[in-house]
Amino acid sequence: MSNLCLKSLWLRLVLIAIPVLVSRPLNAQNASTEPVKDKRVVSRIFWQDYASQSIRWGDLIREGDLWSLKPLDLEGFPKIDLERQNLVQMDSHQETILVGVHDDDRGNLQSGWIAIDSGVEFEEHGDHFHQHYRKSPKVVFQKLDKSQGNPAHVYRYGNQFVVANDAKNGFTVVDPVALKTNPAKGARFYSGGGNHITLALFHSSVVYATWADREGDNAGRVDVVGVGSQSHKKAYAFRLASGGLHGATENSGRIFFAPADGIDAVRADADLASPSGKEAIEHLDLGSDPVNKRPFRTGAFTNHRNWVLFSYGSDSNSKLGMIDASEPKLRLRELALPTEKGLALITPKAIRTRSNKDYALVIHDRRQSEAQEILKIIDLDPNADQNFSDAKAVSSLNLGPSKVEGHSGHHEIAFLPQRTMACISNPGDGSIWLISLNDGSVLNRFPVGGIPGRLLIQ
């Protein structure tokens, strides 16, 4: 072949290759530098919508710096009578969620509880779990009829739920594992407690059930009942100095109660050996109202490690109370959290963040005013010595409005599993906010509609 032909062939090959080289990057430096956004489900949020008396849910999704939450209805959730029934407390153990249903006729209309499979798969990794969100949630079992005793309180202690059956003067222990395999044997009723019952469970075998009476034979009464492996043992009762009991919890082998005057505690009786005597009751005084002279009290407790947290007082005398349940002799630590007139502190929520900071979140909630409702973030242990005596407020955030009607319509707080963020419901404007636990800033505001209240996050 002549040199001329070879040059001609080479020129044609070059002309053919030029478009290919132009259309494809020669190396990584020529490739697009546009960052790839990582779209992922961060957690799954469930909330009670008081407008429809239903459970709604949505996956919290992050894509780059953008957040989204699409509200969805829960498959199989029963229709609730909006005039005569309402949802009460709810709690979860891994993928099982239990929510109580209350009616306006002491359970004679229809009351009980509903079990939900959250659709979240929990993969165990040593001392923690990884969550996977491949399935949608659905109702798996419901016990709604005229014989459920109109529950108002639902608790989760360890891997068991305890539901108060107020109108039946008793409670139901629900095993979420047994509930999946044999629903008929997943729940068992026990007698104990009366009227508006609050409950504390010790070692999955002993329940302390309170009576709400302020006067009469059952004022200050607490029933001690064996359940599970202790169910064959005889129950007994003892009395506290004041009645009106509303609130109970267990921490570090002690049972705490919220009577009309201060706080009482007893050592847990693991073997139901004998009734506790008067001398066995530890009492903590919370002071009294300077105007009406009535003793201060609380209505509910939050456990955080070996600490029992609660709010009490009113207006300028409002406080966060803290008790180390592991101390030989109980003593009260307190942090002043004065509120504006018409606001009141709701029960604190507490968390140890991923950076090992112990925080309590306390909301100043509306009662009878138009005052601005706020969230206070409390650093419980600024010097990290495991003693909360130096607790202090570190940030404050103005919230959206509540919509309080009876026991519903309050702001609610729930923490994300990653322990770096929390969600807060604003019932008055139909929104759920995502906040950072690092600085208390609002990361996003999600309009979900309705009246969002109680929250649960997986």
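These numbers come from a predicted model, not from an experiment.

Enquirer: So what's going on with the overall build of the chain? Which residues, and what values?
Expert: Secondary structure assignment for the chain yields two helices and 36 strands. Oriented by its inertia axes, the alpha-carbon framework of the chain measures out at about 120 × 50 × 45 Å. Across the 458 residues that make up the chain, the buried fraction comes to 50%. About 21900 Å² of surface is accessible on the chain, with carbon and sulfur atoms providing 50% of the total.

Enquirer: Account for the pattern of salt bridges, with residues named and values stated.
Expert: Inspection of the entire model under this criterion finds 18 salt bridges. Taking the shortest distance from any N to any O, the salt bridge between E121 and R134 comes out at 2.8 Å. Placement of the pair is E121 in strand β8 (residues 121-125) and R134 in the loop between β9 (128-132) and β10 (138-145), with a sequence separation of 13 residues. On the basis of relative accessible area, R134 is assigned to the exposed category, the value being 60%. With a closest N to O distance of 2.8 Å, D223 and R221 form a salt bridge. If you follow the salt bridges from partner to partner, you end up with R305, R352 and D358 in one network.

Enquirer: So what about the packing of aromatic side chains? Which residues, and what values?
Expert: Summed over all chains, the structure comprises 10 aromatic pairs. Relative to F257, the ring of Y208 has its centre 6.3 Å away and its plane inclined at 55°; by these criteria the two rings are tilted. Of this pair, Y208 sits in strand β16 (residues 206-210) while F257 sits in strand β20 (residues 254-257), and the two are 49 residues apart along the sequence. The interplanar angle of 15° and the centroid separation of 4.2 Å between the aromatic rings of W307 and F388 together place this pair among those described as stacked. One end of the pair, W307, is in strand β24 (residues 307-312); the other, F388, is in the loop between β30 (374-379) and β31 (392-398), and 81 residues separate them in sequence. Classification of W307 by relative accessible area gives buried; the value is 0%.

Enquirer: Summarise the sheet that holds strand β19 (residues 248-251); cite the residues concerned and give the values.
Expert: Taken in spatial order, the four strands of this open sheet run β19-β20-β21-β22, and their pairing is antiparallel. Both edges of this open sheet fall to β19 and β22 (282-284), since each of them pairs with a single strand only. Between one strand and the next, the sheet's axes are offset by a mean angle of 25°, whatever the strand orientation. With four bridges connecting them, β19 and β20 associate as antiparallel partners. Following the sheet pairing, T249 is matched in β20 by F256.

What counts and what doesn't
- Residues numbered from 1 in each chain as written.
- Predicted model: local features only at pLDDT ≥ 70, side-chain atom pairs only at ≥ 80, totals over all residues.
- Heavy atoms only, no water.
- Helix = DSSP H or I, 4+ residues; strand = E, 2+ residues; numbered from the N terminus.
- Buried < 20%, exposed > 50% of the residue type's maximum accessible area, 1.4 Å probe, protein only.
- Areas by Shrake-Rupley, 256 points an atom, 1.4 Å probe, with all protein chains shown as cover.
- Salt bridge = Lys/Arg side-chain N within 4 Å of Asp/Glu carboxyl O.
- Phe/Tyr/Trp six-rings, centres within 6.5 Å; stacked < 30°, edge-to-face > 60°.
- Pairing = 2+ DSSP bridges.
- Axes fitted to C-alpha atoms, helices over the stretch in contact; angles between N-to-C directions.

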